[in-house]
Amino acid sequence: VSQSRYGPSVDFDKSWKTIQFNVKVKDGWYETEEKVTAFARIVDDKPMVISAVCTHLGCTVSWASKDNTTANGANEFFCPCHFGRYDENGVNISPTPPRTPLDEYPTSIKDGKLVITGNRQKRGGA
């Protein structure tokens, strides 16, 4: 990712929002751009963007708020492939299959915009 400006930071709050942005992918000498889906929020002026890719086998997770009846109806991320669960911060919930939290993108707020400043990074397991 080369500094992807996503949108006005005022559009984000403590609720997770689905976002999409492009990342550059390099395979040998061949470079392409790939659209990725992630979840973003800002809590106490601290932005957080986490990947929508399950760390178990790469399926796509969804956010299930307590207002939604999918995935136990709790504020958590849910992977339908093997019923993987992550808490509201993207940390894996044992004993479901994922052994590590959802990956995170480094972010900042610059000139009133949410900025994704680097590539997806792994976080420690629970």
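Residues numbered from 1 in each chain as written. Predicted model: local features only at pLDDT ≥ 70, side-chain atom pairs only at ≥ 80, totals over all residues. Heavy atoms only, no water.

Another point: the state of the cysteines. By the definition in use, this model includes one disulfide. Residue pairing for Cys-59: its cysteine sulfur links by disulfide to Cys-81, the two sulfurs lying 2.1 Å apart. Residues Cys-59 and Cys-81 are joined through a disulfide that is left-handed, its torsion about the S-S bond being -115°. In this pair, Cys-59 is assigned in the loop between strand S4 (46–51) and strand S5 (62–64) and Cys-81 in the loop between strand S6 (76–79) and strand S7 (84–86), connecting sequence segments 22 residues apart. What makes Cys-81 partly exposed here is its relative accessible area of 38%. As a non-bridged cysteine, Cys-54 has Cys-79 as the owner of its nearest cysteine sulfur, 3.8 Å distant. (Disulfide = S-S within 2.5 Å. Helix = DSSP H or I, 4+ residues; strand = E, 2+ residues; numbered from the N terminus. Buried < 20%, exposed > 50% of the residue type's maximum accessible area, 1.4 Å probe, protein only.)

What follows is about the side chain of Arg-123. Relative to the elements of secondary structure, Arg-123 occurs in the segment after strand S10 (113–116). Within the local environment of Arg-123, its side chain forms a polar contact with the backbone oxygen of Asn-89, the two atoms lying 3.0 Å apart. There is a polar contact of 2.8 Å between the side chain of Arg-123 and the backbone oxygen of Leu-102. Once residues lying within four places of it in the same chain are set aside, the contact partners of Arg-123 are Met-48, Ile-50, Asn-89, Gly-90, Val-91, Thr-100, Pro-101, Leu-102, Asp-103 and Glu-104. (Polar contact = N/O pair within 3.5 Å; in protein donor to acceptor, adjacent residues only side chain to side chain. Contact = heavy atoms within 4.5 Å.)

The next subject is the pairing of S6. Neither face of S6 is exposed, since Glu-76 and Phe-78 on one face and Phe-77 and Cys-79 on the opposite face are all buried. Two elements, S5 and S6, share three bridges in a ladder whose sense is antiparallel. Directly across from Trp-63, in S6, lies its bridge partner Phe-77. One ladder, built from three bridges, connects S6 with S7; its direction is antiparallel. Note that in S7 the partner of Phe-78 across the bridge is Arg-85. Connecting S6 to the next strand, S7, in antiparallel fashion are four residues, including Phe-83 with a positive phi near 60°. (Pairing = 2+ DSSP bridges.)

The analysis is restricted to geometry; functional conclusions fall outside its scope.
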